[in-house]
Each structure stands twice: as structure tokens, then as C-alpha cells.
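# Descriptive analysis of the structure
Chain by chain, the residues:
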There are 2 protein chains.
Amino acid sequence: MLWSQSFIATLKEAPQEAESASHQLMLRAGLVRMLMAGVYSYLPLGLKALNNIETIIRQEMNSCAAAEVLLPALQPLDLWLKSGRDKDIGEVMVRFTDRRGRKICLGPTHEEVITELVRTQVSSYKQLPLILYQIQVKFRDEIRPRFGVVRACEFIMKDAYSFDQDDAGLENSYQAMHAAYGRIFSRCGLKILTVSADPGVMGGKVSHEFMVATASGEDIVLVCPKCKGSFAFHEGGLDSCPGCKVELDKVNAMEIGHIFQLGTKYSLALGANFLDAQGKLKPIIMGCYGIGVSRLIAAIIEQNNDAAGIIWPKEISPYKMIILPLDLGQAKIMEKAKSIYGQLNSLGIEALLDDRDERAGVKFKDADLLGIPLQLVIGKDALKNNTLELKIRRNNERFIAGEEEILAKTREILNG
Amino acid sequence: MLWSQSFIATLKEAPQEAESASHQLMLRAGLVRMLMAGVYSYLPLGLKALNNIETIIRQEMNSCAAAEVLLPALQPLDLWLKSGRDKDIGEVMVRFTDRRGRKICLGPTHEEVITELVRTQVSSYKQLPLILYQIQVKFRDEIRPRFGVVRACEFIMKDAYSFDQDDAGLENSYQAMHAAYGRIFSRCGLKILTVSADPGVMGGKVSHEFMVATASGEDIVLVCPKCKGSFAFHEGGLDSCPGCKVELDKVNAMEIGHIFQLGTKYSLALGANFLDAQGKLKPIIMGCYGIGVSRLIAAIIEQNNDAAGIIWPKEISPYKMIILPLDLGQAKIMEKAKSIYGQLNSLGIEALLDDRDERAGVKFKDADLLGIPLQLVIGKDALKNNTLELKIRRNNERFIAGEEEILAKTREILNG
């Protein structure tokens, strides 16, 4: 893509309202723009990163034989009355009455809706186990939205739901999803702290949270300095590592995923039953598995940045390479840039070509801020010595070589 | 994908509420399920078709150098007061006040939001022309939702917006989008009627509608029986073809796309200006370009079905082939089915393997109903004569041959 057609808008300074590193960088690199507090528009670079995260999630969900669905944001309030959660969830759920007099809410989560769907479609043990997931927009009437996309009124979640015949089946589904979460976060370039958690309003007994250690995190996780084990923080609770018997460190963290063994809370409330092999009617055993997808972008940036800007993990970066032709006055430099851009395209390597007539310093600064893993500089040397300069954003390593060698190095780095 | 993991739910009879052919088939083939009137959940087969449509739209938008963004569903009502459309649009727009006292609406369209975004990011003629688009969920408080996803309260749209320096630029953008629409609808297997239309509440002067002729269509288009030209219907208006001078036929049609030369309506109201090459401040000239994405599924089915079910166009079909092993009691039949499934996968051909222990008649009926372009039957002959049967859903043509020949034929048909 050409920079001039990409609606990229970088900022030299972070706007005052940006509190955390990720929020500042998401605004400065032009990933998002605020429409109102807690509500953000994704610009092309932010949307591309978001799509790359979603692709990883889909691949790992599909590898668990989970089937993708898409549920509505509009939900009948009636379902929440049946589950009894309309009161638990309180004012954070947006509610309105439509012109036909129907009481409707904007889904902050979808346990009720998916249970209702499965109730009408599943009747026999032969249809179980079943795992369904969606990547979809959620709404919360946040009284104090913060940290950009982290605590927002409109955000994107991956929510998955498992349906099993018995507790052993639920345990299998739960372990499969737990393992998939590990793969997802690792591919996202994240170091994760996993803790046992209180299921709270969701219901059920067993629950785990996936946390990212970051200075702006609103939660606290206890970490053992010796074995690196992580534990939930409870006021007046656990104060030394059960294994190592040393004092635990308090670490600020951001929640990016949460999984629950729900059991029969929703299937009993909504009547989602199945006939077992003996012809006996039983409630379906459920689990649910959430990831804050838009929040993941912030988490990734929190853990992958330096003073100059973002440092995208390869799989997440909106582009794999940024091509920086310097001195557009020289026609041959732009020709060379376009020729390499074409070759990368045919290799399936998405590149961004900075076709702006700007000074080298501006282009270098913006390239570092954007955080695309590879930068290819095409300057005077490209004409004089027929050499290009490849820079790795993460470690600042540079390679100067001819075109063929540079392309080979690019493939090596991106596949490595 | 295995049928048993795909959450496919076919129905022998269409539910009573389904009025149109597409609505009936979308329910019978298990593409969608109603949550409440006008609000639908997409099941895996429906979502896959939707994704395929979205892929085509993205490819054709990107080929016009349009950049993809993602705007929020939540919009400040304030923007609609500025454009003056809060009254024009009336009660069809959902409005509520949040806990912080902000007046918010659920976006039925995004002219105001995109103009506000571009106002803050674009200041110079050097940043124009610009085309932005999104594929995103919209909300309408429909008093009488009908025809399943066709007139719904929550639906998916592609909305694009062009930003130009002058009328000639707008004309260029408009023609590029008009041509892209032709390519999109043709790849979707649709025959389109294009008519000049009244811009109405959108504003501007020039506007075109893209219509699909179908019995359940709520609009009327006039078509010349001789030259096949299509014309907008106005009570007491045009009643013969201006070229051929013959009487026009009235045809029921469904609107699936609408494009508008907006001019300066929104840029003037919201102050979206740019400095031209002479340093003069001017309002940006805008166009907008909508496609009803979820509605397209219905339109495609309206024009591609027979008594047995859906007949998906190749590019839209959720799978390219359905594999039908008959008699699962014979282990070798399922082995053969899985081996072919694996080969198709490695060729990049997505197949659905009907692994249900059902009678052949049930499998054949369901396969016809689902409308996947190719059916591969693996029965006794696969064991006895080492032959398979390939059926083309659209024309019922059958080929009986060995495995290699069948795979070659499959590739030929899918690439043809």
C-alpha cells in the first residue's frame, strides 16, 4: 500500500488525555482516534493489527474444532430476566425500549443468547461435545472509560462457549481452550501470567484469568520471585509462595482473557437440555472463554515498545516491511522502491511504501513510531553502489547489501 | 470441516414466519436463526457465506485504493444535530442517554462520523483524493421487520466515503466505485438493475441504486422489454422507454446498493475543509457508497435456488465441495472419504465431510438444500470398482471416474 492512500496520521506529541504507553502510542502512530470518551474509530493501521490478531485467534479456535458463529448485539432483556443476571450486571448494561415496545439490551456478553440458540438446536448427546465462538462487538456503559481501547464502552471480544455431556467433557474442553489461549498469546508476542480466579457474576466454580504485567494495569497479580508462579491477589490473603515459601511480589497487570467452567447455571435457567445415551434428559454442561480482542492491541504495545515507538511482533504488524525511498526528486529512487514493492507483493509480503515527499529524518522517525518489523532504506547508495539498507526495528541491526541479498535476508527474517 | 462439528441444523419444513424464498432457505439450510423479530444469529454456514461476500467486497474496494477503517456503532447525537439529520431520520434511529448523561445513538449510517474523522485528520489538498470504507454493523428501529435479514433491526453494511478537491475528482471516485459495484455483484452471481435514484435524506444531486429483481422485492423497477434498460419507478411518471418507445414492465426488486454524490452537505455542516494548492480554504467534496452486506446473502439466494434448495455461486459458497460417504458401517468408505478430504485440504479446497450416520436419502437431500457447488458421493462402487461420483449441484451433471480423474475434474470446475 502507498502511504499517501493509507490514511495514516502520525502525531509528534501524544494528546494530553492519553495516560498509558499503549494509549499514547496508539494515538501517535495513528491506530485509533477517539470519537467520544470510551468510543474509538480504528484507522487502517489499527484495523490491520486487529485483523491479524483475529486471524491468529480464528486459527487456534478452529484447531480446537470450534465452529464460528456471529450473534447479534441486540438482545431481548427477557433472556437476562430468566438467567437472573439483569440485576447482577446492573447499569453497566445499556437497555432501551424499541418502537414496538420490546425491552432490548446491548450485549455486554452472550451466555444467555448462545444458551438459547443451543437450546433450540441441540437435543441429543450425539450433537455433543460442541464448541462455538464468535468475534464480535460488545457494549458497556462505563462510568469512567480509561486507557483508550482498554476500558471502553464499545469493544471487540472473542467469546467461546463449550457444551458437554458431563464434567469430564467440560474438563476436556476447558483444557483444550486453556492450551489454545497459551498459543494465541505467545503468537501475539505476550508474556502471560495465569491465575485462578473468582468466577463472580459468570457463575460456576473453576475459572482462570490471563493477565499481562504492565505499569498501567488496573489489577494486581502476585508473582513469586523464585519460581515465577503467579497467584490472584486478595486483600489480606496469600502472602508467600506456597512452594518456595518466599514473599510474593505485587505486579500491576491487565486482564486480557478469562475462562470459566460454568457448569449448568445457564442451561438450567434457560432449559438447554439433551437426551443422554440412556434416553435421560439432562442439562448441558457449559464453559465460556473470553478474550478482549481490541484490548489485546494495547497489551501487545505495552509489552513491545521503546522510546521511539511501537515494536510490532511479526504476526501482528500491519505490514511486514516499510520501504523508505529518500529524495523523491530522483526518479530512479522511486522506481527502485516500486520495483521492490512489486517483488515483495508477488512474494506475499505486505509492504508499506512511504511515497511522501518528506525529509529523511521525518520518514525515519515515523517508521520507528509505526513499529513495522523491517525498514528498507533506498537512498543515494541505491543509485551509486547499487546497495540497499535493511534495518530490523526491534534490535536496530542493519544490513547493507544488493537487492537480491536483501530480499533473501527479508524472507529469512520473516520466516524465522 | 466435519459435519458433526459444524453446528449445521437443517429443517425439513420452513417455519411459518418465513415469507420469501430466501428467508425460507436461509432457515432451512441453517444459515441463520431468529433471536427476535428483525434480529438474527448467523450459524457457521451463514457466516462463511457472509465472509466470502466480504472478501470479494474488500478485494474490489482495495483495487480502488480505498483504505479500510472501522467506525464505532455508538455515535454522539451531537453530530446529528450539526448535520440536521436527527429530525430527518426520525424514530428509526435508536437513541439513549448513558450513565454520564451523554446523548448517544446507534449508527444507522456513518456520514457524520466519517466526516468528523476526516475533518480532524485532513487539512491539505495533498491528502486528497481519499476513499475510506468499512464493513460494520448498523442498527435501525424497524417498526415492521420483514424477510429475515432483508429488513432487519441489526444488519451488516459496507459503507464507503470519498473525499475530493473538486467535482471532477468526485466524478472520478464515483465512476470507480460504480464500476467496482458491477464487479462485486457479478462475482456474487447476481444480475443487477441499475437506476438513477432520488438522493433523499442523504443529500446531494446524483445517485444510483443497484437492484436485484425478485418476487419478494419491496421496490419496483421499470424495465424495457426491448433494450433491457432499467428506470426508477415514480407514481404517474415515466411510462415508456425513452429510447425504444415501448411500454416498460414493472418488476419487483430488492435494493442491495446505493451510491450518492453528496457534494458538500456534510463537510459544510461539520467544517471539513482543506487548503487547496493556492492556499484557499474549501469544503471537501464527498460521495458515499453503500452495500447491504447481510442483505446480499438473501439476494444471492433469491436468484440462485431451485425446488431442492440453494445453488451457491462458487465464490460465495461456504464450502466448495460436500463429501458424502454412504454406509458408514463400512470402515473403508469413511477412510476413503477422509483421504480425499485431506487431499482437497492440501489443494486449498475447503470441503465439508458429512460424517453423520444417516441414510443416503437424507444426505442427498441435505446436500441439495445446502447448495454447495460440488457433491462427491462415496458409496459401494468406491470399494468395488474404485470409482467415485461427482455431481454439479447447479445443472445436476454427474461424472463417474477414478479418484485422480475426479480430483482433476474438481480443480477444472472450480478454476473455470
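Residues numbered from 1 in each chain as written. Chains lettered and ligands numbered in written order. Predicted model: local features only at pLDDT ≥ 70, side-chain atom pairs only at ≥ 80, totals over all residues.

### Thoughts on the pairing of strand S21 (residues 374-378) of chain B
All names here are of chain B. Heads up, the condition is: Here a residue counts as buried when 20 or more other C-beta atoms fall within 10 Å of its C-beta, as exposed when 12 or fewer do, and as partly exposed in between; the C-beta atoms come from the backbone. Only DSSP runs of H or I with at least four residues qualify as helices, and only runs of E with at least two residues qualify as strands; both kinds are numbered from the N terminus onward. Two strands make a pair as long as DSSP finds a minimum of two bridges between them.
S21 sits mainly inside the fold: five of its five residues count as buried. Across the two faces of S21 the burial is the same, with Leu 374, Leu 376 and Ile 378 and Gln 375 and Val 377 all buried. Relative to S21, strand S19 (residues 321-325) runs parallel, the two being bridged by five bridges. Bridging from a neighbouring strand, Pro 325 pairs with Ile 378 of S21. The pairing of S21 with strand S22 (residues 388-392) spans four bridges and is classified as antiparallel. Directly across from Val 377, in S22, lies its bridge partner Glu 389.

### Notes on the sheet that holds strand S19 (residues 321-325) of chain A
All names here are of chain A. For clarity, the cut-off: Axis definition: a line fitted to C-alpha atoms, limited for helices to the stretch in contact. Angles are taken between N-to-C directions and run from 0 to 180 degrees.
Read across the open sheet, the five strands follow the order S20-S19-S21-S22-S23; overall the sheet is mixed. The sheet is open, and its two borders are formed by strand S20 (351-353) and strand S23 (398-401), each paired with just one other strand. Taken over all neighbouring pairs, the strand axes of this sheet differ in orientation by 20° on average, direction set aside. Relative to S20, S19 is paired through three bridges, and the arrangement is parallel. The partner of Met 321 across the bridge, within S20, is Ala 351.

### Focus: the environment of Gln 121 of chain B
Residues and elements named next belong to chain B. Following the sequence through the fold, Gln 121 ends up in helix H5 (residues 111-121). For Gln 121, a count of 16 C-beta atoms within 10 Å translates into the label partly exposed. For the pair Gln 121 and Arg 187, spaced 66 residues apart in sequence, the C-alpha separation works out to 34 Å.

### Focus: the domain arrangement of chain A
One frequent convention defines the size of an interface as the accessible area lost when the parts assemble. Residue and element names in this part refer to chain A. Definition in use: Residue ranges assigned to the domains are those given by an automatic or database domain assignment. Charged residues are taken to be Asp, Glu, Lys and Arg, nonpolar residues to be Ala, Val, Leu, Ile, Met, Phe, Trp, Tyr, Cys and Pro, and polar residues to be all remaining types, Gly included.
What the domain assignment reports for chain A is domain 1 (3-306) and domain 2 (321-415). Placing the centre of domain 1 and that of domain 2 at their C-alpha centroids yields a distance of 38 Å. For the side of domain 1 that touches domain 2, the class distribution of residues is three nonpolar, three polar and one charged.

### A few points about the relation of the copies chain B and chain A
The line we're drawing: Fitting of the copies onto one another was done by least squares over C-alpha atoms, counting residues only where both copies have pLDDT of at least 70.
With an axial shift of 0.0 Å and an RMSD of 0.0 Å, the rotation relating chain B to chain A amounts to 180°. Here the transformation between the copies is reduced to the relation of a two-fold axis. Rotation axis and chain B: the residue whose C-alpha lies nearest the axis is Phe 96 of chain B, separated from it by 3.5 Å.

### Describing the environment of Val 39 of chain B
Quick reminder of the rule: Throughout, a pair of residues is in contact if the C-beta atoms placed from their backbones lie within 7 Å.
Mapped onto the elements of the fold, Val 39 of chain B is located in strand S2 (residues 39-42). Sequence separation of Val 39 of chain B and Glu 154 of chain B is 115 residues, and the distance between their C-alpha atoms is 6.0 Å. Beyond its immediate chain neighbours, meaning those up to four positions away, Val 39 of chain B contacts Pro 72 and Leu 74 of chain A together with Ala 152, Cys 153 and Glu 154 of chain B.

### Side note on the packing of helix H1 (residues 21-28) of chain A against helix H8 (residues 293-303) of chain A
All names here are of chain A. Put simply, the rule is: For classification purposes, an angle smaller than 35 degrees is called roughly parallel, one larger than 145 roughly antiparallel, one from 65 to 115 roughly perpendicular, and anything else oblique.
Look at H1 against H8: their axes get within 8 Å of each other, and the N-to-C directions meet at 105°. Between H1 and H8, the interaxial angle falls into the category roughly perpendicular. Along the contact surface, H1 presents Ala 21, Ser 22, Leu 25 and Met 26, while H8 presents Ala 298, Ile 301 and Glu 302. Looking at the contact of H1 with H8, its residues break down into five nonpolar, one polar and one charged.

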